[in-house]
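# Residue-level structural notes
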Amino acid sequence: DAKTTQPPSMDCAEGRAANLPCNHSTISGNEYVYWYRQIHSQGPQYIIHGLKNNETNEMASLIITEDRKSSTLILPHATLRDTAVYYCIALASGNTGKLIFGQGTTLQVKP
Amino acid sequence: DAGVTQSPTHLIKTRGQQVTLRCSPKSGHDTVSWYQQALGQGPQFIFQYYEEEERQRGNFPDRFSGHQFPNYSSELNVNALLLGDSALYLCASSFVATGSTYNEQFFGPGTRLTVL
């Protein structure tokens, strides 16, 4: 599975969009980009995943560049409850679940 | 519907002892994975159980072993505890339909193990 690189920390004002970047320049054609987040003292929580098209669900949007070397997770209206560590993971299709977590990005949403 | 549950929530052991951690998967899930999360680090994959067998294993020594029961619940055993085994141990469950590319794992709250 490809290595991913994320900034260690970011701040965002409450109510504004939070844009979390992820680089995965060695991603292969069959690897999906998954995002999880971990709120303090809880287990990680799935947010969204995608292959090459942009994806949106009730939690967030995922924008993947055309060359698939990077992606951005967008939380459209960040709240204080979105303060967490966000992990970007490349996962091959057919991989049954060995998630490789990096250091992630600590997002601090401020009032 | 209960999500993934783990027990105990906290545990204190001394070096050299053995420990067993337990996990009950989310209803309908048949696969259980275990992760170790040291303070300030991302979770590290230990192993995964499916159909009562270890299907994948991460880079952990044989002191770490596991088991999956017919009801899909699972145990993680660690022998000869070291100070460095102090961590949050997370259990995750999933069900991947044949041919599906969707692999969402549901994590439990974890067991905090402290080795003194």
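Just above sits the structure.
To start, this report covers the structure provided alongside it. Every residue gets a number counted from 1 within its own chain, in the order that chain's sequence is written. Chain labels run from A onward and ligand labels from 1 onward, assigned in the order the entries are written. The predicted origin of the model limits local features to residues at a pLDDT of at least 70 and limits the giving and counting of side-chain atom pairs to 80 or more, whereas totals for whole chains, interfaces and linings rest on all residues. Hydrogens are left out, water is left out, and the side-chain values use all remaining heavy atoms of the structure.

Here we come to unusual backbone geometry. For the bond running from B:Ser7 to B:Pro8, omega is -10 degrees, close enough to zero to count as cis. Secondary structure counts use DSSP, requiring at least four H or I residues in a row for a helix and at least two E residues in a row for a strand, with both numbered from the N terminus. Mapped onto the secondary structure, B:Pro8 falls in the loop between strand E1 (5-7) and strand E2 (10-13). Although it is not a glycine, A:Arg68 adopts a positive phi angle of roughly 65 degrees. Along the polypeptide, A:Arg68 turns up in the loop between strand E6 (61-64) and strand E7 (70-75). Exposure remark for A:Arg68: the relative accessible area of 9% places this residue in the buried category. In this structure, B:Tyr72 is a non-glycine residue whose phi angle is positive, near 80 degrees. Of note, B:Tyr72 is situated in the loop between strand E7 (64-68) and strand E8 (74-78). Throughout, exposure labels follow a simple rule: accessible area from a 1.4 Å probe, protein chains only, divided by the maximum for the residue type, with under 20% read as buried, over 50% as exposed, and the rest as partly exposed.

The subject of this paragraph is the sheet that holds E7(A). All names here are of chain A. The pairing criterion for strands is at least two bridges between them, as found by DSSP. As summarised here, the arrangement of the 4 strands in space is E2-E7-E6-E5, forming an open sheet in which the pairing is antiparallel. The sheet terminates laterally at strand E2 (18-23) and strand E5 (55-56), the two strands that pair on one side only. Across 2 bridges, E5 lies against E6 in antiparallel orientation. Bridging from a neighbouring strand, Glu55 pairs with Leu62 of E6.

The subject of this paragraph is the pairing of E8(B). All names here are of chain B. In terms of burial, E8 is a largely internal element, 5 of the 5 residues being buried. Burial along E8 is two-sided: the residues Ser74, Leu76 and Val78 and Glu75 and Asn77 are all buried. Strand direction decides the pairing type here: strand E3 (residues 19-24) and E8, joined by 5 bridges, are antiparallel. Residue pairing for E8: Thr20 is matched across the bridge by Asn77. Alignment of E7 against E8, held across 5 bridges, turns out to be antiparallel. Looking across to E8, one finds that Ser65 is bridged to Asn77. In this antiparallel pair of consecutive strands, E7 and E8, the connection spans 5 residues, and Tyr72 shows a positive phi of 80 degrees.

Turning next to the sheet that holds strand E4 (residues 45-50) of chain A. Residues and elements named next belong to chain A. Taken in spatial order, the 5 strands make up an open sheet running E1-E9-E8-E3-E4, and their pairing is mixed. Of all strands in the sheet, those bounded by a partner on one side alone are strand E1 (9-13) and E4. The sheet shows a mean angle of 25 degrees between the axes of neighbouring strands, taken without regard to direction. Summarising the sheet, E1 and strand E9 (residues 105-110) pair through 5 bridges and their orientation is parallel. Each bridged residue has a counterpart across the sheet, and for Ala13 the counterpart in E9 is Lys110. For helices, the fitted line uses only the C-alpha atoms of the stretch in contact; every axis is such a line through C-alpha atoms, and the angle between N-to-C directions lies from 0 to 180 degrees.

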